[in-house]
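# A structural walkthrough
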Amino acid sequence: MEKTAEIVLTGSLQAAGFIPFIYRAAARHKIKGRLSSGPFSVYIQATAPEMSIKSFYEELLANNPAPGLILFGKIDFSPSKKRFESFEISISDKAGLFDFPAPDAAPCEKCVSEMKDKNDRRAAHVFISCSLCGPRYSITERMPFRRENTPYGKLVMCTACSRETKNIKNRRYLSAINSCPQCGPSLYFKGEQTGLVEGDAALKAAKGVLKQGALLAVKGAGCFYIIADAGNDDAVSELRKRKKSEKKPFAVMAESIAVVREFAEAGSREEGFLKGRGAPVVILPKKEGQNLVSDRAAPGLYTVGAALPQSPLFALLFDEEIRAVVFTSGNMEGQPPEYINESAWLALGGIADFFLFSSIEISGPLEDSVVKPYETGCLMLRRSRGDVPVLLNLGKTMKHDVIGAGVRGDGSFCLVSGRYALVSGNHGYRDTPAAAKAYASDLKRLSGLSGFKPAYIAAGHEDGEGEGLLENACAAAPDARRIRIKNFYAQFLSALAENNYYGTAIGMILGPGREGSLFITGDFDRCTAAGGFRPVFVPAGQSGTGDYRGAAAAALAGTVSAGEIEALFGSYESARAIKAAEDRDGMFSTEAAVLMGAAAAITGACGIAGYEHERTEKMDGIARSFKAGYSPGPYPYNITRKQGAYEIDLVPALVEMAKERGSASAACGTARFLETAAEAVAVTAGKISGDTGITTIALTGAELTNTFFLDKLINRLKNGGFNVLLNNKLPPGNACVPLGQAVYAAIKKRA
């Protein structure tokens, strides 16, 4: 007996790919009915036997195609008088469906196969794409994502390409960016002393100069990159010299997972991350004894950032001679990446020898996403191309639309509407005019989604914190009221919101900030301090510099002799640090970063961190290199309770590390300290749980990027009976603040 069901699917949905997917599934299950649309949603009236409809619905939820993403589904078998004789598609341009621009997607296997087939009409077409892959958000000039709202609107499709987009059985049905060599964008090669070379000759010229050791600026998906032959020591060294970056690691892109495995350890799980939607950079252990990639690519690290081709253009640069390239964003230090042809030619001429341009205009700079696997998941370190914008299902409907303005140090924002949160990418470099322009442009673009009318703007509580971002948000929503929330509290709430948890939880914020690293208990209404680390003295002039040798010396003073301290840090003037501590010439800090940095300085793992994540990455790698067949156990530490809050004192651990420096390896000392810190945090969480009865804990903060520490901490907490919540789609730290800000305001003001 036939029945009719109403099906609602909501999320990041696009006509290209999604309509034929539903159409084919309906045919397989012999569904009659009608497909229509609304903002972020599709509505399906389905007529068939009840079991067929249920199987159809389950298939839609389990197998939705990239680049779309179903976040919420509902089926209702309420009686309906409507009966259908076929499956109808009724999608109006004005219906609001597919307003949401999906993130960019790396080339799919079918497109790569066509591109490499010399007999295919798209052979070697560097702009090949289909409804399931290719640029999306990076080229969306305005909403919604349709051909006329992208640079492809200026190109006229040939008859063959146009025919494909009108055939619902074709993989390129409704594709907004369909093209071929006859009607697609143009590729250009240029050097200071060379003329302009176009088309296939441009690609050939680019490959030629790479083989000669030149530095090539390539307009990729989202921005310009500077690349060099990964196996050429001289080329990689020259890139470091010109970028003025002696230590910061370069990522390495390879043609295939097989090539990645020649220089990095990558199992099937890591392969899945490498083949993510946008082909992110994945932090992997280096392979011992490899000789494919120059040691200058990631000096001093146990890991390397590996990636697969993010676009067809990059895939076509590889051959038997060029099997891997190092790549870095096309920018000077402190500036956003270049993404416009003319400005890139002027700004990057001092770095690149040659340029590979395309005629496709990028709407705003997007670098690669960077992820790092840990034991039970994968951390997002930088969320950008391929993961921007991200649409999150909040699990409950908010009454008001809200903008989370973000925080200095990240430059992203969040829009909350209904049951969804839309989080932008990291605009970074927030103190530059270019970054401010990118933030404002992106906010204008995304806030133009159907029906978004913000009633509130949430921003940092601290004076001057993110004020520039707040000004941009206010310009986009001049009638919205402002709400303030402290950044550490917003970080905690973001982990709750991303996991759809709205009860009371313990929070451990392990990052920098005015409040330091601390334990709290709370929910979306309020929070209370529950503990933290014993303050460690940081000599004047060293806070935020990445140099924690002074903090280490000050912590050891009075317990370890001045001579021993001087011996630990070599030529470093430890006496000055000790004197500064005695004179109180500096400040006290409870940041986990200071304690971890002091430990790294004592073991020699990292005396001075010259770039973001250097110290955490080095401590992580060196701890994992500890291969002892025994567990030396944790260092000593103390936990006391003062004025109702717990205080973790890790200074005894630092002292013990210093005393055994001559007899224990840096790997042993680092591993023991990280295990000690994990145990101390877990034990303190247990004490707070015993006092309050709370068994859910949210972890956030930049120190979690040390996955050796994170794995130890999670295991101890789970063994202690905790439900552990972390950010998964957002980086832990400042990048998750806008989500916490926005959801806090939406809930706080829902009445």
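Fair warning: this is a prediction, and the values are worked out from it, not measured in the lab.

Parameters and conventions
- Residues numbered from 1 in each chain as written.
- Predicted model: local features only at pLDDT ≥ 70, side-chain atom pairs only at ≥ 80, totals over all residues.
- Heavy atoms only, no water.
- Axes fitted to C-alpha atoms, helices over the stretch in contact; angles between N-to-C directions.
- Helix = DSSP H or I, 4+ residues; strand = E, 2+ residues; numbered from the N terminus.
- Parallel < 35°, antiparallel > 145°, perpendicular 65-115°, else oblique.
- Contact = heavy atoms within 4.5 Å.
- 1 Å grid on protein atoms, 1.4 Å probe; cavity = no way out; pocket = protein on both sides within 12 Å on 5 of 7 lines; lining within 4 Å.
- Points joined across faces, edges and corners; volume = space filled by probe spheres on them.
- Nonpolar A, V, L, I, M, F, W, Y, C, P; charged D, E, K, R; others polar.
- Salt bridge = Lys/Arg side-chain N within 4 Å of Asp/Glu carboxyl O.
- Expected span 1.5 Å × (residues − 1).
- Buried < 20%, exposed > 50% of the residue type's maximum accessible area, 1.4 Å probe, protein only.
- Core = buried A, V, L, I, M, F, W, Y, C linked by side-chain atoms within 4.5 Å.
- Phe/Tyr/Trp six-rings, centres within 6.5 Å; stacked < 30°, edge-to-face > 60°.
- Lys NZ or Arg CZ within 6 Å of the ring centre and 35° of its normal.
- Pairing = 2+ DSSP bridges.

Moving on to the packing of helix α18 (residues 614-624) against helix α20 (residues 666-692). A pair of packed helices is captured by two measures, namely the crossing angle of their axes and the spacing between those axes. Look at α18 against α20: their axes get within 8 Å of each other, and the N-to-C directions meet at 110°. Between α18 and α20, the angle falls in the class roughly perpendicular. Across from M619, I622 and A623 in α18, the residues of α20 making contact are A666, A667, T670, A671 and L674.

Let us look at empty space enclosed by the protein. Per the stated rule, a full pass over the model turns up four cavities of 30 Å³ or more. Its volume calculated, the largest cavity comes out at about 320 Å³. Along the wall of the largest cavity there are 27 residues; nearest its centre are F127, P135, G220, A221 and S311. Of the residues contributing to the lining of the largest cavity, the split by class is 16 nonpolar, eight polar and three charged.

Let us look at the pattern of salt bridges. Here the idea is simple: oppositely charged side chains can pair when their charged atoms come close. Counting across every chain of the model gives 39 salt bridges. For E50, the salt bridge identified is with K54, shortest N-O distance 3.2 Å. Here the residue E50 and the residue K54 both occupy positions in helix α2 (residues 50-62), the gap between them amounting to four residues, near one helical turn. A salt bridge links E647 to K642, with the shortest nitrogen-to-oxygen separation between them at 3.3 Å. A cluster of three or more residues bridged by salt bridges with shared partners is formed by K372, E617, D620, R624 and D711.

This paragraph deals with the packing of helix α17 (residues 592-603) against helix α19 (residues 651-659). Direction vectors running N to C along α17 and α19 enclose 10°, while the axes themselves pass 9 Å from each other. When the axes of α17 and α19 are compared, the pair comes out roughly parallel. On α19, the residues that touch L595, A598, A599, I602 and T603 of α17 are L654, M657 and A658. Taken together, the residues of the contact of α17 with α19 sort by class into seven nonpolar, one polar and no charged.

Right, let's get into helix α1 (residues 15-28). In an α-helix, one turn spans 3.6 residues, which is why side chains three or four residues apart end up on the same side. For α1, spanning 14 residues, the distance from its first C-alpha to its last is 20 Å, which sits close to the expected 20 Å at 1.5 Å a residue. Across the 14 residues that make up α1, a large majority, 10, are buried. For α1, the set of buried residues is A15, A16, G17, F18, I19, P20, F21, I22, A25 and A26. Looking at the buried residues of α1, the elements they touch are β1 (2-12), β2 (32-38), β3 (41-49), α2, β4 (69-76) and β5 (87-89). Directly beyond the C-terminal end of α1, a positive phi value near 55° is found at K30.

Moving on: the nonpolar core. Counting residues in hydrophobic clusters, the biggest one holds 119 residues, and the most contacted among them are L216, I227, L356, F519, L654, I697 and L699. The element contributing the most residues to this core is α20, with 11 residues. Not counting residues up to four positions away in its chain, the partners in contact with L216 are F189, A206, V209, L210, Y225, I226, I227, A352, F354, F355 and L356. Counting 39 residues, the second-largest nonpolar core is a separate cluster that includes V407, V416, I483 and L739.

Let us look at the packing of aromatic side chains. Applying the stated criterion to the full structure yields 13 aromatic pairs. Measuring from ring centre to ring centre gives 5.9 Å for F224 and F357, while their planes differ by 75°; the resulting arrangement is edge-to-face. Remark: F357 occurs in strand β14 (residues 354-358) and F224 occurs in strand β9 (residues 224-229); sequence separation between them is 133 residues. Classification of F357 as buried rests on a relative accessible area of 7%. On the numbers, 5.2 Å between centres and 35° between planes, the contact of Y502 with F524 is tilted. A residue pair is termed long-range when its members are at least 10 positions apart, and Y502 in the loop between α13 (487-498) and β23 (505-509) and F524 in the loop between β24 (518-522) and β25 (527-533) qualify at 22 residues. Here the aromatic residues F224, W345, F355 and F357 are joined through ring pairs into a cluster of three or more. One Lys or Arg, K190, reaches over the ring of W345 and ends 4.3 Å from the middle of that ring.

Our focus in this paragraph is the sheet that holds strand β18 (residues 401-404). Reading across the sheet, the six strands line up as β17-β20-β19-β18-β21-β22 and stay open at both edges, with mixed pairing between neighbours. The open sheet is flanked by β17 (390-393) and β22 (481-485), the only strands paired with a single partner. Neighbouring strand axes in the sheet, compared pairwise and without regard to direction, differ in orientation by 20° on average.

Our next topic: unusual backbone geometry. Trans is the prevailing form of peptide bonds, just as negative phi is the prevailing case for residues other than glycine. A cis geometry characterises the amide bond from V388 onward to P389, with omega recorded as -10°. Located in the positive-phi region is N500, a residue other than glycine, with phi close to 55°. Mapped onto the secondary structure, N500 falls in the loop between α13 and β23. By relative accessible area, which is 36% here, N500 ends up partly exposed. Located in the positive-phi region is Q643, a residue other than glycine, with phi close to 50°. Take Q643: it is sitting in the loop between β28 (638-642) and β29 (645-649). Classification of Q643 by relative accessible area gives exposed; the value is 85%.

Within the secondary structure layout, E660 lies in the loop between α19 and α20. Not counting residues up to four positions away in its chain, the partners in contact with E660 are Y635, G669 and R672.

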